[in-house]
Amino acid sequence: MFGTGVFVFQQYREANYRKQALENILKSYAGIIQRGGVTDALPSNLRVTIVKGDGQVIFDNEVEDLNSMDNHLQRPEIESALSKGEGVTIRHSQSKKQDFFYYAVRYGDNYLRVALPFDLELKSQLSNDNVFLLFFLLFFVAALIFVLVISDRFGNNISQLHRFATATDKGENIELNFIDNELGDISRQIAHNYNLLIESEARLAQEHQKLLESTETSRRMKHEMTGNIAHELKTPVAAVRGYIETLLSQKVPLERQQQFLLRCHDQIIRLSHLIDDISLITKIEEAPTLFAKESVNLLDTLNEVLYDLQEEITSAGDSVEDNLPDTLFVNGSRTLIYSIFRNLVENTLKYAGRGVTISVDLLAGSEEYYTISYRDNGAGISSEHFPRLFERFYRVDYGRSREGGGSGLGLSIVRNAVAIHRGEISVSTPPQGGVEFIFTLAVK
Ligand code: ADP
């Protein structure tokens, strides 16, 4: 549009300039004629007309039959010459069928009119003044190419950005290829930030999902645990209730009364063990930091357990090979390490049978971990139970175990206590029979 504007304006100026030049030329020709000048100096295509004061044409060098010409008083150039002394017009000549540039001037009582064919066609323009046009076209094409290249560079990035926006709106992932310029850099940054946002949103959603799942798992575990506890409490409580109700409602001989009371006592002891185990395992799982940490000597702790269970060990006819060096110190909880050994020894007493040998050995020791083996050569455990052995309330022989006062929590407490000391525990059957538990404890 700018190019066209400049071009039209230039054309207009050019035409004006030409008209002005033509007018000057015609004026000078008229002057020559008025002065009676030489006709040779005038161009051959110059039309000369002399019009009388009343408008009648009395001479025209290009029209033969002057009578055919109408009154010229109404011609604009003549009218203007009448009022102002001279006048110009460009118009189509009826007699010559061509555009003429007319110049009229008063000439005594008459009017002298000179005219030249007027041609402002582009063809003549080009041939006369093509330097400007050429220069203009060249400049125009160069500017056009420059604008196209620039707009293409930015336009490409904008259309890429547009594609990106519509694709992300639909949740699609597309390959982007921004051109290197300011807009490209900005677009790349926008796309990059957007992708980061999407990634972190996805990560957040994933974490949220995980959190939901783990809350659900822990809720389910708690629910299970509550169910198990209720189930475990039911039998001893029902038994105690039965004995007491019998004692209250019937006349029971004194000897039987004594027996009932002893059984009640047994059940209450079982209950209190169960409650101790439940509170210990709950504390380990839910508030492990509540266990005070101190330097614990493993041998001393084991000896403490053996001392506390001395009577039972002796009455079972068991023997203990205690091979731990007395230099093993663990930075941990004395209570929990005590319950590890206590549960293991109690299990041997409950399940291994009579006259067995318990061996405790240090298998490996480093600055970081101690690996300890606890073994007895008693009844042992069939390996099919190994995978679930450390689960809460899992028992090998359900009926017998409950009879013996087992809650099924012992090994679960052991595994949790080991885990709090950043260790692991496994169970196996040693070559000489019985059962072997191998566990690690972190030194610090
Ligand atoms: P509880 O607290 O009832 O004793 P545990 O979790 O300690 O239960 O033990 C689970 C099961 O493993 C027991 O029911 C018992 O059958 C078996 N068990 C544990 N220790 C031994 C062992 N030294 N010898 C044979 N069986 C064992």
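Residues numbered from 1 in each chain as written. Predicted model: local features only at pLDDT ≥ 70, side-chain atom pairs only at ≥ 80, totals over all residues. Heavy atoms only, no water.

Colleague: A description of the pairing of strand 4 (residues 98-107) should follow, citing residues and the corresponding values.
Modeller: Inspection of the sheet shows strand 3 (residues 86-93) paired to strand 4 by eight bridges, in the antiparallel sense. Opposite Thr89, over in strand 4, you have Tyr102 as the bridge partner. Two successive antiparallel strands, strand 3 and strand 4, enclose a turn made up of four residues, where Lys97 displays a positive phi of approximately 50°. From the end of strand 4 to the start of strand 5 (residues 110-117), which pair antiparallel, there are two residues, and Gly108 there has a positive phi angle of about 65°. (Pairing = 2+ DSSP bridges. Helix = DSSP H or I, 4+ residues; strand = E, 2+ residues; numbered from the N terminus.)

Colleague: Got a sec to walk through the nonpolar core? Specific residues and values, please.
Modeller: Soluble, globular proteins show a tendency: their nonpolar side chains are buried together. Counting 50 residues, the largest nonpolar core has Leu298, Leu324, Phe437 and Phe439 as the members making the most contacts within it. Among the elements that make up this core, the one with the highest residue count is helix 8 (residues 334-352) (seven residues). Residues contacting Leu298, with those up to four places away along its chain left out, are Leu324, Leu328, Val330, Ile337, Phe341, Tyr370, Ile372 and Leu441. In this structure, Ile50, Tyr103, Val105 and Val114 belong to the second largest nonpolar core, which totals 16 residues. (Core = buried A, V, L, I, M, F, W, Y, C linked by side-chain atoms within 4.5 Å. Buried < 20%, exposed > 50% of the residue type's maximum accessible area, 1.4 Å probe, protein only. Contact = heavy atoms within 4.5 Å.)

Colleague: Tell me about the sheet that holds strand 1 (residues 47-51), and name the residues and values.
Modeller: Sheet architecture is open: five strands sit in the order 2-1-5-4-3, paired in antiparallel fashion. Because the sheet does not close on itself, it has two edges, and the strands there are strand 2 (57-60) and strand 3. Strand after strand, the sheet turns through a mean of 20° between neighbouring axes, direction not considered. Helix-sheet contacts for helix 1 (residues 2-34) involve strand 1, strand 3, strand 4 and strand 5, and the interaxial angle to strand 4 is about 45°. On top of the sheet, helix 2 (residues 76-84) reaches strand 1, strand 3, strand 4 and strand 5; it is set at about 175° to strand 3, its chief contact. (Axes fitted to C-alpha atoms, helices over the stretch in contact; angles between N-to-C directions.)

Colleague: Any chance you could break down the sheet that holds strand 9 (residues 357-365) for me, citing the residues and the numbers?
Modeller: Ordered in space as 7-9-10-12-11, the five strands form an open sheet in which the pairing is mixed. Strands at the two margins of the open sheet, each flanked by one partner only, are strand 7 (319-322) and strand 11 (425-428). Here the average twist between neighbouring strands, direction ignored, is 15°. Two elements, strand 11 and strand 12 (residues 435-442), share four bridges in a ladder whose sense is antiparallel. Looking across to strand 12, one finds that Ile425 is bridged to Phe439.

Colleague: How would you sum up the site of the ligand? Please name residues and give values.
Modeller: Close to the ligand lie 19 residues, the nearest being Asn347, Tyr351, Asp376, Gly408 and Gly410. Within the backbone of Ser407, an N or O atom sits 3.0 Å from an oxygen atom of the ligand. Within the contact set of the ligand, an oxygen atom lies 2.9 Å away from a backbone nitrogen or oxygen of Gly410. For the ligand, the accessible surface in isolation is 550 Å², of which the surrounding protein chains cover 96%. For the shell around the ligand, the secondary-structure elements that each account for two or more residues are helix 8 and helix 10 (410-420). Across the shell around the ligand, the residue classes break down as eight nonpolar, eight polar and three charged. (Near = heavy atom within 4 Å. Polar contact = N/O pair within 3.5 Å; in protein donor to acceptor, adjacent residues only side chain to side chain. Areas by Shrake-Rupley, 256 points an atom, 1.4 Å probe, with all protein chains shown as cover. Nonpolar A, V, L, I, M, F, W, Y, C, P; charged D, E, K, R; others polar.)

Colleague: Which residues make up the domain arrangement of the chain, and what values go with them?
Modeller: The assigned domain composition of the chain is domain 1 (2-126), domain 2 (138-214) and domain 3 (287-442). Measuring from the centre of the C-alpha atoms in domain 2 to the corresponding centre in domain 3 gives 63 Å. (Domains from an automatic or database assignment.)

Colleague: Quick one: what's the story with the packing of aromatic side chains, residue by residue and with numbers?
Modeller: According to the stated counting rule, one finds six aromatic pairs in the structure shown. Relative to Phe260, the ring of Tyr243 has its centre 5.2 Å away and its plane inclined at 45°; by these criteria the two rings are tilted. Within this pair, whereas Tyr243 is found in helix 4 (residues 182-249), its partner Phe260 is found in helix 5 (residues 254-286), the two being separated by 17 residues in sequence. Taking relative accessible area as the criterion, Tyr243 reaches 18% and is therefore assigned buried. An angle of 65° between the planes, with centres 6.3 Å apart, marks the rings of Phe341 and Phe439 as edge-to-face. Of the two residues, Phe341 sits in helix 8 while Phe439 sits in strand 12, which places them 98 residues apart along the sequence. Here Phe341 and Phe439 have matching classes, each one buried. For Arg91, the ring lying beneath its charged end belongs to Tyr102, and the centroid distance is 4.2 Å. Directly above the ring of Phe291 sits Lys283, whose terminal nitrogen or CZ lies 4.5 Å from the centroid. (Phe/Tyr/Trp six-rings, centres within 6.5 Å; stacked < 30°, edge-to-face > 60°. Lys NZ or Arg CZ within 6 Å of the ring centre and 35° of its normal.)

Colleague: Give a description of unusual backbone geometry that names residues and reports values.
Modeller: For Phe393, which is not glycine, the phi dihedral falls at a positive 65°. Of the residues examined, Phe393 reaches a relative accessible area of 9% and is grouped as buried. Unusually for a residue other than glycine, Arg422 sits at a positive phi of about 50°. Along the chain, Arg422 falls in the loop between helix 10 and strand 11.

Colleague: Can you explain the pattern of salt bridges? Please cite residues and give values.
Modeller: What the rule picks out here adds up to 17 salt bridges. The partner of Arg334 in a salt bridge is Glu294, with the nearest N and O atoms 3.7 Å apart. Placement of Arg334 in helix 8 and of Glu294 in strand 6 (residues 294-297) is noted, with a sequence separation of 40 residues between them. Here Arg334 falls in the partly exposed class, since its relative accessible area comes to 31%. For Glu346, the salt bridge is made with Arg342, and the minimal N-O distance between the two is 3.0 Å. Here Glu346 and its partner Arg342 are both found in helix 8, four residues apart, which amounts to about one turn of the helix. Among the residues examined, Glu346 registers a relative accessible area of 23% and is labelled partly exposed. The structure contains a network of salt bridges with shared partners spanning Glu77, Arg91 and Arg113. (Salt bridge = Lys/Arg side-chain N within 4 Å of Asp/Glu carboxyl O.)

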